[in-house]
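Here is how the chains run, residue by residue.
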Amino acid sequence: MLRTHTCGELRADQIGQEVTLCGWIDTCRDHGGTLFIDLRDRYGKTQIVFAPEGEAANLEAGRRLRSEDVVSISGKVAPRPAGTENADLATGQIEVRVRRVEVLNKSKVPPMKPSAKEQPSEDLRLKYRFLDLRRPEMQRTLILRHRMVKLIRDYFDERGFIDIETPMLGRSTPEGARDYLVPSRVQPGTFYALPQSPQLYKQILMIAGYDRYVQIARCFRDEDLRADRQPEFTQLDLEMAFVDANDVIGVIDGLMARLARELLGIELSLPLPRMTYDEAMERFGHDAPDLRFGMELVDVSDLAATADFRVFRETVASGGKVRGLNAKNAADRYSRKGIDELTGYVTGDFGAKGLAWFKVGDERRLASPIAKNFSDETLARIAERMQAEPGDLLLLIADKWEVTCKALNGLRRRLGAELELYQPGQMHFSWVVEFPMFEYDREEACWAAMHHPFTSPRPQDRAMLAGEPEKCRAQAYDLVINGFEAGGGTIRIHDQKLQSQVFRLLGIDEQTAATRFGFLLDALQYGAPPHGGIALGLDRLVMLFGGLDNIRDCIAFPKTQRATDMMTGAPGQVDGNQLRELGVKIIRE
RNA sequence: GGGGUCGUAGCUCAAUUGGUUAGAGUACUGGACUGUCGAUCCAGUGGUUGCGGGUUCGAGUCCCGUCGACCUCGCCA
């Protein structure tokens, strides 16, 4: 070892010891006669002192040190003079008096300094990721991630789960997200697909009798990026045989309680609350509601139907809804201009036609440019329905049900943040269950699986598959944390006939099914046990547990929004010979 | 594919209505200083205002295009 201790290790106990530390030059404080240097590694910082009573050559060498040089320093641990201890530093009781300095590697002047107060811009951070990762915030997050993964592995190991790796090179299945493709050299003209998830493999493992499987699996989806979405991400993936939905949910409840306790010091009360999909949509307009605060959606369609206000009346008459929410005490927070901004938000981002609003005055009187279109009685009933009190701001949207959901969910989240309706460190865990089996795809004019085509309907809904698929509910469950979908799972179909029926319903004909999923349909006929599982987005979990607002900060080497790696320059062009070998030709537009 | 924000010194930012020689902090270089810890003090270097075009007597500022980062809708079984 080139060092005897780390830079976060030395305490008063080691006073008098001769030590060698290695690390990066963090900051220098040169007083002419005396020179202080903070030496940094990922464990902490230690103050190194170049004192006048030491060798003059050392002081000269110390003066030549610059930010981010890597050095080895030997010397004696000494107590700091009384009054100069640094309480902000774990090693603040001591300092190391230099006996020997060795520069292991000079650094160019870095474009960013790890201990800088201001955070550098993100493109700079991504380009110089090796410097960015030296920052304590990044180290904190990656260490949190490591601890989470360790806890997860221990948790599942204790419960008899087996970690089994599944292939990265698989078969493309055009359903779901766009695949990342890998050309085959051995069989030119054919392609592997990188896994969107290990879904089919883990079902095969259940059929193979490995009744408790777990994997921390890398997954790939070639779709557009978001703050919480990367093309390459990590799932905590698991599957269990001989279980129902409650069993899977129970296992994850226990995991969340363990993670919250160990990583955040929060005690969760179990079981975690559950809500049906229908209830979530009705009360919050979204299948992953942020339950850190209330401000629930209110349906006033029946009241709107009788109003003179044409937009409301006609919307309801044509089968739409008028729904809204009550921003408590927010009437003064939003000026006309502020409300215009909210209007632009719901019309621009969610296609709403407008935003109706009322400010609640004394005696719960509703004031608004459109108020004259409503009878006093209707206004009073709206106020009552929305539990309006003086100072509140009522916001209403009249549109198709789907649009009211999207727009009001967006509005609710935005207002929740702007009005600070929750605390920074607050966490809320819950389940949303009983999703519909199918949603209608207008573009393709067919039914599409809401979760995936291997999802089992609830036993009591199975009879409706043929006649009324829209009423069919799935044995599906999503874990929701602070309004983010942290994960989702289902009980799978373990019966080949039922699986074929669902494929037919989804417009996947027998030939296609046989080509793409033949191995699964085949396996289902050789003693497939009832089984189900779940996958959690690990990067998102880290983001949520770390109190971060984007997933890139949870990943050591993330991609930008255009899916490039600013450090390596990936993706890049390849040699013509490589392409020829693969039988791949670039078409230039 | 659509909408939006941003791009000025190595870094973080400023620059009035379009108006003189584009500034500040920090970093960097040199100097002073024996107890600092974001050290301090003095001096100095540092700019193709992302790139290309246009409007104008005059463009960091306005217009068009383009590149890049971020947010977002669509998309993400």
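Here is a short report on the structure shown in this document. (Residues numbered from 1 in each chain as written. Chains lettered and ligands numbered in written order. Predicted model: local features only at pLDDT ≥ 70, side-chain atom pairs only at ≥ 80, totals over all residues. Heavy atoms only, no water.)

**Here we look at the pairing of strand β13 (residues 321-327)**
To be explicit about the condition: Only protein chains enter the accessibility calculation, which uses a 1.4 Å probe; a residue is then buried when its area is under 20% of its type maximum, exposed when over 50%, and partly exposed in between. Runs of H or I in DSSP of at least four residues are treated as helices and runs of E of at least two as strands, each being numbered from the N terminus. Strand pairing requires that DSSP identify at least two bridges connecting the strands.
A large share of β13 lies buried, amounting to six of its seven residues. With two bridges connecting them, strand β12 (residues 298-299) and β13 associate as antiparallel partners. Along β13, the bridge assignment pairs Val-298 with Gly-324. As paired elements, β13 and strand β16 (residues 393-399) share seven bridges and run antiparallel to each other. Each residue of the ladder has a partner; that of Val-322, found in β16, is Ala-398.

**Considering the pattern of salt bridges**
This is how it is decided: Salt bridges are identified by distance alone: a Lys or Arg side-chain nitrogen within 4 Å of an Asp or Glu carboxyl oxygen.
Summed over the entire model, instances satisfying the criterion amount to 50 salt bridges. For the salt bridge of Asp-553 with Arg-125, the shortest nitrogen-to-oxygen distance reads 3.0 Å. Linking Asp-553 in the loop between α16 (538-545) and α17 (576-582) with Arg-125 in helix α2 (residues 122-127), this pair joins segments that are 428 residues apart in sequence. Comparing Asp-553 with Arg-125 shows no difference in burial state: the two are buried. Salt bridges linked by common partners bring Arg-125, Arg-129, Asp-132, Arg-135, Glu-137 and Asp-553 together as one network.

**Concerning the packing of helix α10 (residues 336-350) against helix α12 (residues 401-418)**
Our working rule: Only the contacting stretch of a helix is used when fitting its axis, a line to C-alpha atoms as for every element, and angles between N-to-C directions run 0 to 180 degrees. Reported orientations rely on four angle classes, namely roughly parallel under 35 degrees, roughly antiparallel over 145, roughly perpendicular from 65 to 115, and oblique for the rest. When the near helix sits turned anticlockwise from the far one by under a right angle, the crossing is termed left-handed; a clockwise turn instead gives a right-handed crossing. Contacts are residue-level and defined by heavy atoms, with any inter-residue pair within 4.5 Å sufficient. Ten residue types, Ala, Val, Leu, Ile, Met, Phe, Trp, Tyr, Cys and Pro, are classed as nonpolar, four, Asp, Glu, Lys and Arg, as charged, and the remainder, Gly among them, as polar.
One way to put it is that α10 packs onto α12 with a least axis distance of 10 Å and a crossing angle of 135°. Considered as vectors, α10 and α12 are oriented oblique to each other. Relative to α12, the crossing made by α10 is right-handed. Between α10, through Glu-341, Leu-342, Tyr-345, Val-346 and Phe-350, and α12, the contact on the second element is made entirely by Val-403, Lys-406, Ala-407, Gly-410, Leu-411, Arg-414 and Leu-415. Looking at the contact of α10 with α12 residue by residue, the classes come out as eight nonpolar, one polar and three charged.

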